[in-house]
Amino acid sequence: MFGTRLATIVERCGGKAIRVEAPWGQIIEPETIEAALRRSGPVKAVAIVHAETSTGAWQPLESIARLCRNHDTLFIVDAVTSLGGAPVEIDRWGIDVCYSGTQKCLSCPPGLSPFTLSDRALAVIKARRTPCQSWYLDMALIADYWAEGTRAYHHTAPISMLYALREALRLVEEEGLPARFARHQLNSDALIAGLTELGLSPLPPIGHRLPMLTCVSVPSHIPEADVRTNLLSTYGIEIGGGLGPLKGRSGASV
Ligand SMILES: *Cc1c(COP(=O)(O)O)cnc(C)c1O
């Protein structure tokens, strides 16, 4: 669902999106992306979701980053659900544009979008001949706002959110990233072991299951909403309902 949203955003911005699709719950294979890159001629950017919240699929990124280099295209990654819960090696893997949210594995209130740009991406932005359609997300203006020395006014920062983020990051630092990643994996393994005992299995295949989010389908004869209501009223556990084509079929536990 969030991959589809990426394509929708591209189209709303007036871009041409070339969709590379996979069945829900599967990752996008690098070969499919490579085939699309070969077919399509010059492509400005490849955009993909690292942790697909609607299916629980864990998308490997390194080989796609290499493809982007070989095809001289920028690599954009949605790391909203992964940041703080699994490694996101932006520079080592070669990601040009990466954004996240504060409200998922950083355990911070919603409201900010941590964001980073590579020098390559910034150079492309600075070389634009027409200003981008969004004032709010004009990265050339925001870069001037961030720049030491200029600090050219662009917007008023949500100061209270920055305090919240600072505290959330302090807690991340206190636990340590390796311990945090291991905690998510341990809890995921325990949850999946229990689900397996019940005869249920997560949607994505082994090896591509997110540690911080498990998406599981209920047997077709059981109404999914009843399972969630019962979990909430009896056990005080709230899980999200399925999204898109999985609506009514599955729930996700984060
Ligand atoms: C949650 C999420 C978003 C959107 O973030 P919201 O601010 O919660 O709407 C985008 N992409 C992914 C992968 C997400 O999980």
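These figures come from a predicted structure and were not determined experimentally.

Calculation criteria
- Residues numbered from 1 in each chain as written.
- Predicted model: local features only at pLDDT ≥ 70, side-chain atom pairs only at ≥ 80, totals over all residues.
- Heavy atoms only, no water.
- Domains from an automatic or database assignment.
- Contact = heavy atoms within 4.5 Å.
- Buried area = accessible area lost by both parts, 1.4 Å probe.
- Salt bridge = Lys/Arg side-chain N within 4 Å of Asp/Glu carboxyl O.
- Polar contact = N/O pair within 3.5 Å; in protein donor to acceptor, adjacent residues only side chain to side chain.
- Helix = DSSP H or I, 4+ residues; strand = E, 2+ residues; numbered from the N terminus.
- Nonpolar A, V, L, I, M, F, W, Y, C, P; charged D, E, K, R; others polar.
- Buried < 20%, exposed > 50% of the residue type's maximum accessible area, 1.4 Å probe, protein only.
- Arc of directions from axis to C-beta.
- Phe/Tyr/Trp six-rings, centres within 6.5 Å; stacked < 30°, edge-to-face > 60°.
- Lys NZ or Arg CZ within 6 Å of the ring centre and 35° of its normal.

## Here's the deal with the domain arrangement of the chain
Point 1. In terms of domains, the chain is made up of domain 1 (2–169) and domain 2 (177–253).
Point 2. Between the C-alpha centres of domain 1 and domain 2 the distance comes to 26 Å.
Point 3. Between domain 1 and domain 2, the contact holds 23 residues from the first and 18 residues from the second.
Point 4. Carbon and sulfur atoms make up 71% of the surface buried where domain 1 meets domain 2, a total of about 1600 Å² over both sides.
Point 5. Three residues, Trp24, Gly56 and Trp58, lead the burial of domain 1 against domain 2; their summed loss comes to 31% of the area buried on that side.
Point 6. Inspection of the region where domain 1 meets domain 2 yields zero salt bridges.
Point 7. Scanning the region where domain 1 abuts domain 2 turns up four residue pairs in polar contact (both at pLDDT 80 or more).
Point 8. The set of elements that each furnish at least two residues to the side of domain 1 that touches domain 2 consists of strand E2 (51–52) and strand E3 (57–58).
Point 9. Classifying every residue of the side of domain 1 that touches domain 2 gives eleven nonpolar, eleven polar and one charged.

## A short note on helix H3 (residues 62–70)
An α-helical turn contains 3.6 residues, so a residue and the one three or four places further along point in the same direction.
Point 1. Among all positions of H3, only Ile64, Ala65, Leu67 and Cys68 are buried. Buried positions in H3, seen along its axis, are confined to an arc of 155° and lie on one side of it. Of the exposed residues in H3, those oriented more than 90 degrees away from the buried face are Arg66 and Asn70.
Point 2. If you follow the buried residues of H3, they end up packed against helix H2 (30–40), strand E1 (45–49), strand E4 (74–78) and helix H4 (90–93).
Point 3. Once H3 ends, the next one or two residues include Asp72, with phi positive near 50°.

## As for the pattern of salt bridges
Point 1. All told, the structure shown has twelve salt bridges when counted by the stated rule.
Point 2. Asp96 is paired through a salt bridge with Arg69; the nearest N and O atoms lie 3.5 Å apart. Within this pair, whereas Asp96 is found in the loop between H4 and strand E5 (97–99), its partner Arg69 is found in helix H3, the two being separated by 27 residues in sequence.
Point 3. Between Arg92 and Glu89 there is a salt bridge, with the nearest N and O atoms lying 3.7 Å from each other.
Point 4. We classify Glu89 as partly exposed; its relative accessible area is 32%.
Point 5. Residues joined by salt bridges that share partners form a network here, namely Arg69, Asp72, Asp96 and Arg120.

## Points about the packing of aromatic side chains
Point 1. Scanning the model with the defined rule gives zero aromatic pairs in all.
Point 2. Against the face of Tyr145 rests Arg151, its NZ or CZ located 5.3 Å from the ring centre.

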